[in-house]
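Report on the structure
Read off the chains here:
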Amino acid sequence: RNRAIGKAHSKLILIGEHAVVYGHPAIALPFPTLTVTCAIEEADSGIHLDSKLYSGPIDQIPKRLKGLAICIHKTIQEIGKHHNGLLLKIESMIPIGRGLGSSAAIAVAIVRSLFQYFNCELSDEKLRELVNIAEIYAHGNPSGIDMESVCCDEPIWFERGKGIASVAIRSSFYLVVADTGRAGDTRSAVGSIKHKLDKSPIQTKQSIDRIGQYTLDARNALIQGNLVQLGLLLNLAQTELEKLGVSDHGINHLVNIARNAGALGAKLTGGGRGGCIIALAENCVQAREISEQLNQNGAKRTWSFKVEETQ
Ligand code: MEV
């Protein structure tokens, strides 16, 4: 029997989330610790999903996951080959709604596995086109950064509609990721900023523009290997995200714990309103101290990982 496996990893936004929806740049990193796989097997008839989110025929998928069903149908239609029935088994280590790109990663793993199953070549362009169908459904107005960063194995500089560029990193650093344990809803967080823009346009635009400027400055700090400056910029971005209303008490608490534990900077990552924070550390000893403090003071889980310098 034919079998295929498609994979994708999660992502972290270093800086620029939310402002990226309005055309500013953002920097994202692959987060290879957390992955998702989709394994496909032949089934007797119909298309079935087996996952923690939902198991059963995709024609009866719950509304909130409808984007995945549409993405699967479109992908099979695009491939244009006959099948009797398919079973898609999804295994994901990526917690949902934590700003780690779980929805985009699941869609990427699905599209990759389907092309592999039918022995068809998948171009980068086609992958993005198909995954975007699921993302639009899940997020309403996605900038595309989640999709790009779960597809790429390198840090990326992303601008909506302009695609990606590489980011030069002069000196390696550590990031500690801490989960608040609460799922955030990216769609409603993005919607709330849109609402704020309509209500108080001047202040809201100012915060968005500032985040854009901090992102440009962060790229320079990375090029120069100036981690202290990078940390300050992460903190400044967090201040603006708070003003925009996408931070919350739980996030602020963990951000403060991380800073007091010696982080060079700390902020939410992804959509916010729950989800995860990231904290910047110079070395692994510092990262371990930050992660211990976070674990002892309310984080549901933490992960530390090293971001290597680029060649
Ligand atoms: C979500 O990971 C990032 C946001 O900027 C939304 C988007 O860019 O689509 C909050």
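This is a predicted model, so every value here is computed, not measured.

The sheet built from four strands is open, its strands ordered β9-β10-β8-β11 with antiparallel pairing. Only two strands of the sheet have a single partner each, and these edge strands are β9 (265-269) and β11 (301-307). For this sheet, the mean angle separating the axes of adjacent strands, direction not counted, is 25°. As paired elements, strand β8 (residues 173-179) and β11 share seven bridges and run antiparallel to each other. From the neighbouring strand, D179 faces β11, where its bridge partner is R301. The strands that helix α7 (residues 227-243) touches are β8, β9 and β10 (276-281); relative to β9, the one it contacts most, it runs at about 45°.

Taken together, 15 residues are adjacent to the ligand, and E17, P142, S143, G270 and G271 come closest. Put simply, the parts of the chain that give the shell around the ligand at least two residues each are α4 (145-151) and α5 (186-199). Here the shell around the ligand is built from residues that sort into six nonpolar, seven polar and two charged. Both domains that meet at the shell around the ligand, namely domain 1 (3-163) and domain 2 (169-307), each give it at least three residues.

The terminal C-alpha atoms of helix α9 (residues 284-296) lie 18 Å apart, and with 13 residues this matches the ideal 18 Å at 1.5 Å per residue to within 8%. Turning to α9, its buried residues are Q286, A287, I290, S291, Q293 and L294. Each buried residue of α9 sits inside an arc of 160° when the element is viewed along its axis, so together they form one side. Exposed residues on α9 whose side chains face more than 90 degrees from its buried face are C284, V285 and Q296. In this structure, the buried side of α9 is in contact with β8, α8 (249-260), β10 and β11. The first or second residue beyond α9 is G298, which carries a positive phi of 110°.

For the pair helix α1 (residues 66-79) and helix α2 (residues 102-117), interaxial distance at closest approach is 10 Å and the crossing angle is 25°. The angle between the axes of α1 and α2 places the two elements in the roughly parallel class. α2 is crossed by α1, and the crossing has right-handed handedness. Packed against α1, whose contacting residues are L68, C71, I72, T75, I76 and I79, the element α2 presents I106, A107, I110, V111, L114 and F115 at the interface. Split by residue class, the contact of α1 with α2 holds 11 nonpolar, one polar and no charged.

Moving on to the pairing of strand β7 (residues 163-166). A regular strand carries its side chains on alternate faces of the sheet. Strand direction decides the pairing type here: strand β6 (residues 156-159) and β7, joined by four bridges, are antiparallel. Residue pairing in the sheet places I156 in a bridge with S166 of β7. Here β6 folds back onto β7, and the loop between the two strands holds three residues, one of which, G161, carries a positive phi near 75°.

Annotation of the chain at the domain level lists domain 1 (3-163) and domain 2 (169-307). If you average the C-alpha positions of domain 1 and of domain 2, the two centres end up 25 Å apart. Opposite the 27 residues of domain 1 that make contact, domain 2 presents 37 residues. Every element with two or more residues in the side of domain 1 that touches domain 2 is listed here: β1 (3-15) and β2 (26-42). Counted by class, the side of domain 1 that touches domain 2 contains 16 nonpolar, nine polar and two charged residues.

For H18, which is not a glycine, the phi torsion comes out positive at approximately 70°. Turning to its location among the elements, H18 is positioned in the loop between β1 and β2. Judged by the 27 C-beta atoms lying within 10 Å of it, H18 is buried. Of note in the backbone geometry, R273 takes a positive phi value of approximately 50° without being a glycine. When you line up the elements, R273 lands in the loop between β9 and β10.

Before going further, it helps to examine the environment of Q286. You can see Q286 is positioned in helix α9. Expressed as a C-alpha distance, the spacing of Q286 and A26, which sit 260 residues apart in the sequence, is 26 Å.

This part is about the UniProt feature "domain: GHMP kinase C-terminal" (unreviewed entry) in the chain. According to UniProt, the feature "domain: GHMP kinase C-terminal" (unreviewed entry) maps to residues 221-299 in the numbering used here. Secondary structure across residues 221-299 comprises 58% helix and 14% strand; the distance between its end C-alpha atoms is 28 Å.

What follows concerns helix α6 (residues 201-224). For α6, spanning 24 residues, the distance from its first C-alpha to its last is 35 Å, which sits close to the expected 34 Å at 1.5 Å a residue. The complete set of buried residues in α6 reads T204, S207, I208, I211, G212, Y214, T215, A218, R219, A221 and L222. Residues of α6 that are buried in the fold lie against β1, β2, β6, α5 and α7. Of the residues trailing α6, G225 is marked for its positive phi of about 70°.

The rules behind the values
- Residues numbered from 1 in each chain as written.
- Predicted model: local features only at pLDDT ≥ 70, side-chain atom pairs only at ≥ 80, totals over all residues.
- Pairing = 2+ DSSP bridges.
- Helix = DSSP H or I, 4+ residues; strand = E, 2+ residues; numbered from the N terminus.
- Axes fitted to C-alpha atoms, helices over the stretch in contact; angles between N-to-C directions.
- Contact = placed C-beta atoms within 7 Å.
- Near = placed C-beta within 6 Å.
- Nonpolar A, V, L, I, M, F, W, Y, C, P; charged D, E, K, R; others polar.
- Domains from an automatic or database assignment.
- Expected span 1.5 Å × (residues − 1).
- Buried ≥ 20, exposed ≤ 12 C-beta atoms within 10 Å, placed from the backbone.
- Arc of directions from axis to C-beta.
- Parallel < 35°, antiparallel > 145°, perpendicular 65-115°, else oblique.
- Left-handed = near helix turned anticlockwise from the far one by under 90°.
- UniProt positions renumbered as here; feature names shortened; annotations may be inferred.

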